[in-house]
Amino acid sequence: MSTDAIVLLKNDHKEILKNFRDFEKAGEKAYAAKGKLVDRIIELLTVHTYIENEVMYPRVRELLPEVEDDVLESYEEHHVADLLVMELALMKPEDERFAAKTTVLIENVRHHIEEEEDEWFPKVRAGLGRRVLQDLGADMLKARKKAPRRPSQPSALKKSIDAVIA
Ligand SMILES: [Fe+2]
Ligand SMILES: [Fe+2]
């Protein structure tokens, strides 16, 4: 099985985007279904952000100084998503602002995924090459095993704080 870091991250993106579409297709009053989808979205984003913050971003920043600005912008985009995710995790699907907040989260994350996939992952692939990307991916698979699944877990909070002040 390939452990190419970019392939692994794109697979995550696909699953995240699929859940976004399912949320958008759910009926206005389908509270139970939307609650479940948002729970799943929160879990997927919490794990994905963790492995990018812990492994991908710092290593890419170190190895490819020319994408530093892309990495820094991405940390900030993660941070905005983290805030929305933390708020959503405390809300009920019936709350007046639940759907609106989810929609804003979806808009933000879609934009972020597009920037990763279209703008700077190609530079990372060209700059690092196959071997390094496979090692990076293997490290991400290890990190995934200890990744937080909810934003309230200390390791998730720590990463979002590091993203602001580190
Ligand atoms: Fe990201
Ligand atoms: Fe990503």
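Throughout what follows, the structure given in this document is the object of discussion.

## Some thoughts on the side chain of histidine 13
- Along the chain, the position of histidine 13 falls in helix H1 (residues 5-25).
- We classify histidine 13 as buried; its relative accessible area is 0%.

## Re the coordination of the iron ion (ligand 2)
- Donor atoms from the polypeptide that bind the iron ion (ligand 2) are His13 (NE2), His48 (NE2), Glu52 (OE) and Glu116 (OE), placed at 2.1 to 2.2 Å.
- Mapping the donors of the iron ion (ligand 2) onto the primary sequence yields the spacing H-x34-H-x3-E-x63-E.
- Between the two metals, the iron ion (ligand 2) and the iron ion (ligand 1), the spacing is 3.3 Å, and glutamate 52 donates to both. Taken together, the residues histidine 48 and glutamate 52, both in helix H2 (residues 31-63) and four residues apart, mark about one turn of the helix.
- Overall, histidine 48 belongs to the buried group, its relative accessible area being 5%.

## Some details on a negative patch on the surface
- A contiguous patch of negative charge, built from Asp69, Glu73, Glu114, Asp118 and Glu119, is present on the exposed surface.
- Within the residue set of the negative patch, elements represented by two or more residues are helix H3 (68-89) and helix H4 (98-145).
- The biggest single contributor to the negative patch is H4, with three residues.

Cut-offs applied
Residues numbered from 1 in each chain as written. Chains lettered and ligands numbered in written order. Predicted model: local features only at pLDDT ≥ 70, side-chain atom pairs only at ≥ 80, totals over all residues. Heavy atoms only, no water. Helix = DSSP H or I, 4+ residues; strand = E, 2+ residues; numbered from the N terminus. Buried < 20%, exposed > 50% of the residue type's maximum accessible area, 1.4 Å probe, protein only. Donors = N, O, S within 2.8 Å, 3.2 Å for Na, K, Ca; no water. Patch = residues over 30% accessible without salt bridge, like charges linked within 9 Å, V, L, I, M, F, W, Y side chains within 5 Å. Areas by Shrake-Rupley, 256 points an atom, 1.4 Å probe, with all protein chains shown as cover. Salt bridge = Lys/Arg side-chain N within 4 Å of Asp/Glu carboxyl O. Lys, Arg positive; Asp, Glu negative; His and termini not counted. Charge placed at Lys NZ, Arg CZ, Asp CG, Glu CD.

Nothing here speaks to function; it is all geometry.
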